[in-house]
Amino acid sequence: MPLPAEFHEIAKRVNNWGRWGERDEIGTLNLITDAVVREAAATVLTGRRVALAVPLRQRGIQTGLIPARVNPLHTMTSVNREEFAPGSVATSDDTVTMGLQAGTHWDALPHVSHGGRIYNGRPADSITAHARAAFSGIEKARHIVSRGVLLDVARARGVDRLDPGHAVTPEDLEAAEDMGAVSVGPGDVVVVRTGHMQRYLAGDRRAYGSASPGLSVRTPEWFHARDAAAVANDTLCFEVFPPEIDGLWLPVHALHLVEMGMMQGQNWNLEELSAACAEERRYAFLLTATPEPFEGAVGAPVAPVAVL
């Protein structure tokens, strides 16, 4: 199905190609300036730390819906091996094979394309099987440290979790801002809680990976207007699934990654953060969320930490 006129109209309004120069490869991460980081550091009042990643394990989030995204296959390669001589210091080692986007992760800008193009107008065929992504690989996101803002949409709507298929709208995001007495600004990394992660944490992997709430195709313009640096949430698909427009798959991915140059995070565990922010009555914090720097990768695991 060709992308509809509605999509192309939104794409024109949010497009950032050339905004930071023709050679730019990091898009909206340019908005995380030294001043933004200093202001983010000033949000730390108690030093309370909240981990936002799910454990990496073989019986993890992936159920086969996305065939190549295998859960971590973790193998011990040596166990208490005395490397140099009997009675010497012993070591244990292990190895892992996994999909880079199997658990809590960031999508890099070339993760999706449309019309044969990736971010900043570069050709999609610059991604090859052997050379990987020639531009905007995940290693270019060298240090993601900024002010994090939790938009707890589920709590703002007075529910534990949003219903499957709920499309999070700009109005939902603004209601969460109002509840948290916070406003998204330039350089912020926004985390949007739907509560859907509760299904995975309760052991219902199938329900977590099927119909889910997520961001509406109406939200990219909202994030563009606020100059957000990146956005993450607590679902597998990130955007509402099944899609709002019949047959139009991953339009929010295309608008964020290709048009805006804005990274997306998926499978973030925001449950403890939701409780902590509600308890402390503040929804802005210092966030560290630098991905593992796999060269040329179109996504990578991340272990984000919010510091209140």
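Cut-offs and rules
- In this numbering scheme, every chain counts its residues from 1 along its sequence in written order.
- This being a predicted model, a pLDDT of at least 70 is required before a residue's local features are given, and a value of 80 or more before pairs of side-chain atoms are given or counted; all residues contribute to the totals for chains, interfaces and linings.
- In computing side-chain properties, one takes all heavy atoms of the structure into account and sets aside hydrogens as well as water.
- Secondary structure follows DSSP: runs of H or I at least 4 residues long count as helices, runs of E at least 2 residues long count as strands, and numbering of each begins at the N terminus.
- Relative accessible area decides the class of each residue, using a 1.4 Å probe on protein chains only: under 20% of the type maximum gives buried, over 50% gives exposed, and in between gives partly exposed.
- We call two residues in contact when some of their heavy atoms are within 4.5 Å.
- Surface accessibility follows the Shrake-Rupley procedure with a 1.4 Å probe radius. Residue values consider only the protein chains on display as shielding.
- In this tally, Asp and Glu contribute negative charge and Lys and Arg positive charge; neither His nor the terminal groups of the chain are included.
- Think of each charge as sitting on NZ of Lys, CZ of Arg, CG of Asp or CD of Glu.
- When DSSP finds two or more bridges between a pair of strands, those strands are recorded as paired.
- To get an axis, fit a line to the C-alpha atoms, keeping to the stretch in contact for a helix; angles then go from 0 to 180 degrees between the N-to-C directions.
- By definition here, a salt bridge exists when the distance from a side-chain nitrogen of Lys or Arg to a carboxyl oxygen of Asp or Glu is within 4 Å.

Caption draft 1: Spotlight on the overall build of the protein. Of the regular secondary structure elements, the protein holds nine helices and 15 strands. For the C-alpha atoms alone, the extent of the protein along its principal axes is close to 70 × 50 × 40 Å. The buried share among the 308 residues of the protein stands at 52%. Sequence-distant contacts, at least 24 apart, represent 77% of the contacts inside the protein between residues at least 6 apart. On the protein, roughly 14000 Å² of surface is accessible, and the fraction owed to carbon and sulfur atoms is 52%. For the protein, the distance from the average position of its 28 positive side-chain charges to the average position of its 37 negative side-chain charges is 2 Å.

Caption draft 2: Looking closely at the side chain of Glu271. With respect to the secondary-structure elements, Glu271 resides in helix H9 (residues 271–280). Among the residues examined, Glu271 registers a relative accessible area of 18% and is labelled buried. Apart from residues no more than four positions distant in its own chain, Glu271 is found in contact with Arg193, Gly195, Gln198, Leu201 and Asp234.

Caption draft 3: Summary view of the sheet that holds strand E12 (residues 263–266). With mixed pairing, nine strands are arranged side by side in an open sheet as E1-E15-E13-E7-E9-E11-E12-E4-E14. The strands lining the two open edges of the sheet, one partner per strand, are strand E1 (49–51) and strand E14 (299–301). Mean inter-strand twist for the sheet, computed between neighbouring axes without regard to direction, equals 25°. Strands strand E7 (145–152) and strand E13 (284–288) of the sheet are contacted by helix H2 (residues 34–41), whose axis makes an angle of about 60° with E7. Contacts between helix H8 (residues 251–260) and the sheet are confined to strand E4 (105–107) and E12, with E12 contributing the most and set at about 135° to the helix.

Caption draft 4: Highlighting the environment of Val37. Secondary-structure assignment places Val37 in helix H2. Taking the C-alpha atoms as reference, Val37 lies 23 Å from Ala300; in sequence the two are 263 residues apart. Contact partners of Val37, with chain neighbours within four places excluded, come to Ile32 and Val145.

Caption draft 5: Structural detail: the pattern of salt bridges. Applying the stated criterion across every chain, the model contains 15 salt bridges. A salt bridge links Glu221 to Arg13, with the nearest nitrogen and oxygen atoms 2.6 Å apart. A residue pair is termed long-range when its members are at least 10 positions apart, and Glu221 in helix H7 (residues 219–226) and Arg13 in helix H1 (residues 5–14) qualify at 208 residues. Looking at Glu221, the relative accessible area reads 28%, which means it is partly exposed. Put simply, Lys140 and Glu25 hold a salt bridge, and the shortest N to O gap is 2.6 Å. Of this pair, Lys140 sits in the loop between strand E6 (132–133) and E7 while Glu25 is found in the loop between H1 and H2, placing the two residues 115 residues apart along the sequence. Given the relative accessible area of 28%, Lys140 is considered partly exposed. One connected set of salt bridges, linked through shared partners, spans Arg48, Glu279, Glu280 and Arg282.

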